[in-house]
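# Summary of the model geometry
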Amino acid sequence: MAEKKRSMGVAVMGPMRSGTTLVADLLTVRGRSLVLSEPNLLGAWHPVVAHAIHRLVTEFGIEVPPPPAEKPPARIFNYFDRAVLPELQGLDFWGVKYVDLFGWRELFQRYQPRKLILCVRDLREVVVSSIELAERMKLGFPGGAHMRDEAWILTRLAHSVHELLALRKLPHFVLRYEDLVEDPKVRERLAAYVGLDELGTERLNLTIERDSRQSWESRKHGSGVTKKALGRFEREPPGPVRNLAERVWRLLGEYSVAFDYEVAEPKARIQGHDFSAPARPGRNPVPYAKGEEWNWRGPKQLEPSFARRRARRLASMNIPQNAVVLDLGGGLSSMITELPKGGRLILADVTERTPQTRAADLLQGKLPPKGRATFVLALEILEQVENPGRFLKNLRGYGLPVLLSYHATDDTADIDRAALGWRSHLSRSQLQRGLATVGFRVTASWAFDGRQSMLKLRPMPASARKAQVEAEDAA
């Protein structure tokens, strides 16, 4: 197919949760224009993606042949170029929307866009919204090899920021999510930029999403443009998710400068980090593919999200079959894909992020009722607790076996713990004594990953508890 016939009218590019799907639907007007969400045109053949393209195009009103059921082509573009693209040529324009920015240069070589829209949003809002999306859609991969967790979100956003800054060197239209939903004039400028008299009013791209996302988004926003998603970071209580949001924001300050968002004070900015290193032409300092690998240690700097990934991995090997696990970590229920046979997960968080989440003021040491739990996880949470004594006492109150991870001060002498959002600072001996005092028998794997320790806790009967404390006092 000639290059001019493969050119597209618009490419919408941005990090996840920056309003790209909304923009794709606003630029989709029956009979005039169609923007496809995440078609992965250069990717290897995937029947789910191909059928999503077919469904969107047919629901738009254009009849195209369905994807082949037998002997599929090597890549998605083989089907798209043959069966779909010729039918799109009769429109005023067609385009694509991507939050997966890996390989955009090759994409633009094959389908050169006449217009480029860069969707952006305050990174703190992006992180909080990404956590909720991942939790509602259960984006983890089972099997132990891959996981979409907090470390994946950090890696993915860092990668996307570097690619956006590279895309910014091309002629483009910057569309801030906050302005898009608040200012009708911005929507008018968007329509004028792509040559539409008015924007679309249907959510066609949203309708082809998984129901776990489509129904949630539709209930929240309906079919229109609303402000309901603004202020996510301001509403997020202190805890692991807020800490991650602030860390991403402080780490990727060049993004905030480039797109006119609030910038962290100089002393709060993270300097000399692997993920914020200057990108060379065509070379992103953040390895895109490694972000989902359980055994990738991440950047050389200590990152709590990667520490939690390692803790989850080790915990998965120490949970009994058929356990009902109460996870006090907050954030994502990524452990759900790593539980042994017959296991079930109950997630506790500092806020009710989904209807299934048990909310509790974890950072004040207040824990939710155990319900039917038979096992407890407390991974990467004790560091952030303001009252660790109350937390450990209430943990013992469950009367259940516990796996607890912690970065003792002995193993983090060179780390600025406060900069990581950590509020408790216990040495190994202080932690052991605190656990014995409340009535736990402790088996410790100190610094199993070089920094972080995993402790197996078993409730002791009162007599054994008294004897252990007396023995430690005598020692």
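Residues numbered from 1 in each chain as written. Predicted model: local features only at pLDDT ≥ 70, side-chain atom pairs only at ≥ 80, totals over all residues. Heavy atoms only, no water.

The subject of this paragraph is unusual backbone geometry. One non-glycine residue with positive phi stands out, namely Asn 322, at about 65 degrees. Topologically, Asn 322 is positioned in the loop between helix H15 (304–316) and strand E6 (324–327). With phi around 55 degrees, Glu 380 is a residue other than glycine that occupies positive phi space. The topology assignment puts Glu 380 in the loop between strand E9 (375–378) and helix H16 (388–397). Take Glu 380: its relative accessible area is 3%, and that puts it in the buried class. (Helix = DSSP H or I, 4+ residues; strand = E, 2+ residues; numbered from the N terminus. Buried < 20%, exposed > 50% of the residue type's maximum accessible area, 1.4 Å probe, protein only.)

Glancing now at the pairing of strand E10 (residues 402–406). For E10, the tally of buried residues reaches five of five residues, placing the bulk of the element in the interior. Burial along E10 is two-sided: Val 402, Leu 404 and Tyr 406 and Leu 403 and Ser 405, pointing in opposite directions, are all buried. Bridge analysis of E9 against E10 gives three bridges, and the strand direction is parallel. When the bridges of E10 are listed, Ala 378 appears paired with Leu 404. Crossover connection from E9 via H16 to parallel E10: handedness right-handed. (Pairing = 2+ DSSP bridges. Right-handed = clockwise from strand over helix to strand, strands pointing away.)

Structurally, Lys 185 is set in helix H9 (residues 184–194). Lys 185 gets classed as exposed once you look at its relative accessible area, which sits at 52%. Remark: the alpha-carbon pair of Lys 185 and Gly 371, spanning 186 residues in sequence, is separated by 51 Å.

Our next topic: the nonpolar core. Membership of the largest hydrophobic core comes to 74 residues, with the highest contact counts inside it found for Met 13 and Phe 80. Setting aside residues no more than four positions away along its own chain, Met 13 makes contact with Thr 20, Tyr 98, Leu 101, Trp 104, Phe 108, Leu 116, Ile 117, Leu 118, Cys 119, Leu 164 and Leu 167. (Core = buried A, V, L, I, M, F, W, Y, C linked by side-chain atoms within 4.5 Å. Contact = heavy atoms within 4.5 Å.)

This part is about the packing of H16 against helix H17 (residues 428–438). Two elements in contact, H16 and H17, have axes whose closest approach is 9 Å; the angle formed by their N-to-C orientations is 45 degrees. Here H17 runs oblique to H16, going by the angle between their axes. In this structure, the crossing between H16 and H17 has a hand that is right-handed. The residues of H17 that touch H16, namely those facing Leu 392, Lys 393 and Arg 396, are Leu 431, Gly 434, Leu 435 and Val 438. (Axes fitted to C-alpha atoms, helices over the stretch in contact; angles between N-to-C directions. Parallel < 35°, antiparallel > 145°, perpendicular 65-115°, else oblique. Left-handed = near helix turned anticlockwise from the far one by under 90°.)

Moving on: the domain arrangement of the protein chain. Its domain assignment divides the protein chain into domain 1 (3–121 + 166–226) and domain 2 (304–474). Computed over C-alpha atoms only, the centres of domain 1 and domain 2 are separated by 44 Å. (Domains from an automatic or database assignment.)

It is worth spelling out helix H7 (residues 150–167) at this point. Helical periodicity: at 3.6 residues per turn, an α-helix aligns residues three or four positions apart in one direction. The end-to-end C-alpha distance of H7 is 25 Å, a good match for the 26 Å that 18 residues give at a rise of 1.5 Å each. Of all the 18 residues making up H7, 18 are buried; the element is thus mostly covered by neighbouring parts of the structure. For H7, the side-chain oxygen to backbone nitrogen distance between the N-cap and Ala 151 is 3.2 Å, and the N-cap itself is Asp 149. (Expected span 1.5 Å × (residues − 1). Polar contact = N/O pair within 3.5 Å; in protein donor to acceptor, adjacent residues only side chain to side chain.)

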